[in-house]
Amino acid sequence: MFKGKTIVYTSGTFDMFHANHLRMINYARALGDILIVGISTDELVKSYKPAPIIPFEERKEIVEALKAPDIVIPQHSLNHTEIVKKLNIDAFVVGDDWEGKYDYLRDLGVQVFYFPYGTGVSSTNIKEAVAESYHSRLSKEQAQKPNPKEESIK
């Protein structure tokens, strides 16, 4: 299909899309000629962590709108053996929070790159910040509300 081209595959949940997602996709793009991005389905994500905030179809739409990917596909499994063989993948890129998990792909002749997120933004951090902000606001609102029992005493 893409004879003589280097095919790179990167995948992720890409929930609450942020700059580190973009950096990883752009990094993957720079490694080859064709970039395929796999978006984890809601069902797949729920098999190993809480459900994404943004539904699959919307996450896919966001990634499709980027210039870097040539092809965006659903990802149904964390085992990439079949997709690597089916799509003739030369290189695989994933965040370093998965360090070591995909080393087995090297046995299939695939270069594996663990993209260093480093410190900073992650979907988990964003979710925690939103929840913390929400709970803080609720506490402040509760503190400012008049107590109905106190009102009836007056």
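Keep in mind it's a predicted model, so treat the numbers as computed, not measured.

Caption draft 1: Molecular detail of the pattern of salt bridges. Applying the stated criterion across every chain yields a total of four salt bridges. Linking Arg-29 and Asp-70 is a salt bridge whose minimum nitrogen-to-oxygen distance equals 2.7 Å. In this pair, Arg-29 is assigned in helix 1 (residues 19–30) and Asp-70 in the loop between helix 3 (56–64) and strand 3 (71–75), connecting sequence segments 41 residues apart. In this structure Arg-29 comes out as partly exposed when scored by relative accessible area, which is 21%. Of the charged contacts in the structure, one is a salt bridge between Arg-106 and Asp-103, with a shortest N-O distance of 3.0 Å.

Caption draft 2: How the structure looks around the packing of aromatic side chains. Summed over all chains, the structure comprises eight aromatic pairs. Seen from their ring centres, Tyr-48 and Trp-98 are 5.6 Å apart, and the 75° between their planes marks the pair as edge-to-face. Residue Tyr-48 is located in the loop between helix 2 (42–46) and helix 3, and its partner Trp-98 is located in the loop between strand 4 (91–95) and strand 5 (111–115); the two are separated by 50 residues in the primary sequence. On the accessibility criterion, Trp-98 (22% relative accessible area) is partly exposed. A ring pair is formed by Tyr-102 and Tyr-104, whose centres lie 6.1 Å apart and whose planes are at 45°; its orientation type is tilted. Relative accessible area serves as the criterion here: at 2%, Tyr-102 is assigned to the buried category. Judged by its relative accessible area of 28%, Tyr-104 falls in the partly exposed class. Site record: aromatic cluster; members linked through ring pairs are Tyr-9, Tyr-48, Phe-92, Trp-98, Tyr-102 and Tyr-104. Positioned above the aromatic ring of Tyr-102, the side-chain terminus of Lys-101 is 5.9 Å from the ring centre.

Rules of the game
Residues numbered from 1 in each chain as written. Predicted model: local features only at pLDDT ≥ 70, side-chain atom pairs only at ≥ 80, totals over all residues. Heavy atoms only, no water. Salt bridge = Lys/Arg side-chain N within 4 Å of Asp/Glu carboxyl O. Helix = DSSP H or I, 4+ residues; strand = E, 2+ residues; numbered from the N terminus. Buried < 20%, exposed > 50% of the residue type's maximum accessible area, 1.4 Å probe, protein only. Phe/Tyr/Trp six-rings, centres within 6.5 Å; stacked < 30°, edge-to-face > 60°. Lys NZ or Arg CZ within 6 Å of the ring centre and 35° of its normal.

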